[in-house]
Each structure stands twice: as C-alpha cells, then as structure tokens.
Amino acid sequence: MNPQSYFYSIFLSISVKRKKAWTPAFLNPGFTSAEGHSQLSFHMGLLNENLTGPAQSNSFPLGSFIPVLAYVEQHAHQPLVLLMDECVASNSIELEPTTKVYPIITNHGCLDDGKNGNSWFLPRYESSAVVLYLQAFSFSLEKEVYIHCKLVAWDPNIFDEGKKMCNFNKEFGSWELLDDPSRSAVCSCCDRVCKHRTRRDVDSGDLEFPWVY
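First, a word on scope: everything that follows refers to the structure included in this document.

Thresholds applied
- Residues numbered from 1 in each chain as written.
- Predicted model: local features only at pLDDT ≥ 70, side-chain atom pairs only at ≥ 80, totals over all residues.
- Heavy atoms only, no water.
- Helix = DSSP H or I, 4+ residues; strand = E, 2+ residues; numbered from the N terminus.
- Buried < 20%, exposed > 50% of the residue type's maximum accessible area, 1.4 Å probe, protein only.
- Contact = heavy atoms within 4.5 Å.
- Areas by Shrake-Rupley, 256 points an atom, 1.4 Å probe, with all protein chains shown as cover.
- Pairing = 2+ DSSP bridges.
- Core = buried A, V, L, I, M, F, W, Y, C linked by side-chain atoms within 4.5 Å.
- Salt bridge = Lys/Arg side-chain N within 4 Å of Asp/Glu carboxyl O.
- Disulfide = S-S within 2.5 Å.

### Side note on the overall build of the protein chain
Logical step 1: Scanning the protein chain for helices and strands turns up one helix and twelve strands.
Logical step 2: Mapped from its N terminus to its C terminus, the protein chain presents α and β elements in the order β-β-β-β-β-β-α-β-β-β-β-β-β.
Logical step 3: Across the 213 residues of the protein chain, 51% fall into the buried class.
Logical step 4: Put simply, 74% of the contacts in the protein chain that link residues at least 6 apart link residues at least 24 apart.
Logical step 5: When the accessible surface of the protein chain is summed, it comes to about 10300 Å², and 51% of that surface belongs to carbon and sulfur atoms.

### Comments concerning the pairing of strand E3 (residues 65-73)
Logical step 1: In terms of residue burial, E3 counts as a mostly covered element, since seven of its nine residues are buried.
Logical step 2: Examined bridge by bridge, strand E2 (residues 41-46) and E3 share six bridges and lie antiparallel to one another. Residue pairing for E3: Leu 46 is matched across the bridge by Val 68.

### A closer look at unusual backbone geometry
Logical step 1: The residue Leu 51 is not glycine, and still its phi comes out positive at about 60°.
Logical step 2: One can find Leu 51 in the loop between E2 and E3.

### Quick word on the nonpolar core
Logical step 1: Counting residues in hydrophobic clusters, the biggest one holds 47 residues, and the most contacted among them are Leu 82, Met 84, Ile 104, Ile 105, Phe 121, Val 130 and Leu 132.
Logical step 2: Here the element with the most residues in this core is strand E9 (residues 144-154); it accounts for seven residues.
Logical step 3: If we skip the residues at most four places from it in the chain, Leu 82 touches Phe 42, Ala 70, Tyr 71, Val 72, Arg 124, Ser 127, Ser 128, Ala 129, Val 130, Leu 151, Val 152 and Met 165.

### Quick look at the pattern of salt bridges
Logical step 1: For the structure on display, the rule yields two salt bridges.
Logical step 2: Among the salt bridges present, the one from Asp 191 reaches Lys 115, with a minimum N-O distance of 2.8 Å. With Asp 191 in the loop between strand E11 (174-177) and strand E12 (203-212) and Lys 115 in helix H1 (residues 112-116), this residue pair connects regions lying 76 residues apart in the sequence.
Logical step 3: Put simply, Asp 179 and Arg 124 hold a salt bridge, and the shortest N to O gap is 2.4 Å. Within this pair, whereas Asp 179 is found in the loop between E11 and E12, its partner Arg 124 is found in the loop between strand E7 (120-121) and strand E8 (129-135), the two being separated by 55 residues in sequence.

### Digging into the state of the cysteines
Logical step 1: Evaluated as defined, the whole model comprises four disulfides.
Logical step 2: With its sulfur 2.0 Å from that of its partner, Cys 110 forms a disulfide with Cys 190. What sets the handedness of the Cys 110 and Cys 190 disulfide is the S-S torsion sign, and at about -80° it is left-handed. Residue Cys 110 is found in strand E6 (residues 110-111), and its partner Cys 190 is found in the loop between E11 and E12; the two are separated by 80 residues along the sequence.
Logical step 3: The exposure class assigned to Cys 190 is buried, which follows from its relative accessible area of 10%.
Logical step 4: With its sulfur 2.0 Å from that of its partner, Cys 189 forms a disulfide with Cys 194. As the torsion about the S-S bond is roughly 95°, the Cys 189-Cys 194 disulfide counts as right-handed.

### Let's talk about the environment of Leu 46
Logical step 1: Examined against the element boundaries, Leu 46 turns out to sit in strand E2.
Logical step 2: Under the relative-accessibility criterion, Leu 46 is labelled buried at 1%.
Logical step 3: Once the C-alpha coordinates of Leu 46 and Val 131 are considered, the two residues, 85 residues apart in sequence, prove to be 9.3 Å apart.

Set out below in structure tokens:
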C-alpha cells in the first residue's frame, strides 16, 4: 500500500435541524461528508448526551461534556480504523500561523486535554468510528469556539507511536491505548515527542466545526 495523504476542510453547521428519527452516522450515514483518496469519506459532528442522535444545539455550558463523533465511510475499501490524530480549538474558522490555539489532541493521538482536563475517548462502537467526550472549556474572551481536527484512516492491526489514540488514566498516572490497553507502550511517548512514520498511510483529512459556550 503506497503512502497517501489528502487534506481538506469542512465547516459543519451543527445547529442545522435534522429529523428526530436520526441515528448516529456510523449506523445510518447522514453527516456532511467529503471524499478523500481510496474512496474514503470522513465525517465529524456533535451527538446528544445519550449518544442516540445529533446535538440539538451547539451551545454548551462551561464544564459540561460534548460528545464529538468522528467516523470514516470505507465503501469497498479494506477494514480501517479511524484515528483522531490532532485536534485544536480556536476562535477562527481557519487556522493561520499566527492563530491562537488550545491543544486538545496532540503528538499523533495523545489526548492532552485528558491529562490537563477531564476529556476522554469512549470505547469504540466499531473500528471506523470514535467518540471524543470533550469537556467544554473557556477559550479567550470570544464566545464562539471552533474545533479543528485531523482524522486518519489506518490499518486496524498496526499501532505505533505515529498511529494511535491514547487516553490518560489519572488513577494510575499513565497513558493507555484506546484500542488495546495491553499495547499501551506505544503511548509512552505522549509526554515527549512521538515519532511519525508514513509507511502504509491510508488517508487523512482536516475538519472543523463550532461550538458556543
């Protein structure tokens, strides 16, 4: 498999009304999408607190938890695992070199806001989807906050320092691999610099959406 990479940006207006019978997108695809290489489509949006449908609003009180759903449609592709490689918050719809950002996920899948805050990745429903339980926080004096994320589709059997998703276990003070805690050694680099490998890279994309507190 040759290394491939595709970057794009989508603005999702999470406040758009949807049918009440709507189900999570990985069960009934319906989110706004964009096509990448290899006939892959990346999606991201906000769920309600029960994880049974879309959030009815993109306004959240400080300290509350925001379920962020990300998934990839694989079409006829081989089975893949969806990784949230990097996410930052900003007050801008577009990221520029001078844009002030708040790191959420850094270092290729390390949930930095899980160590410094109380966010965490929920157990997966399936390999091609993941839910980030993000705690709403105050960011500068602006009320509208945009979340920018890089999503990566990857071989589900291969995890290394550059391809992983790691929660921080505050009870034990250590990092844990979401998909297989017995292989958490690949997360040990989260407190330094994780090496990035490009071999067998499948596809990736950048997405962003707003929330208001």
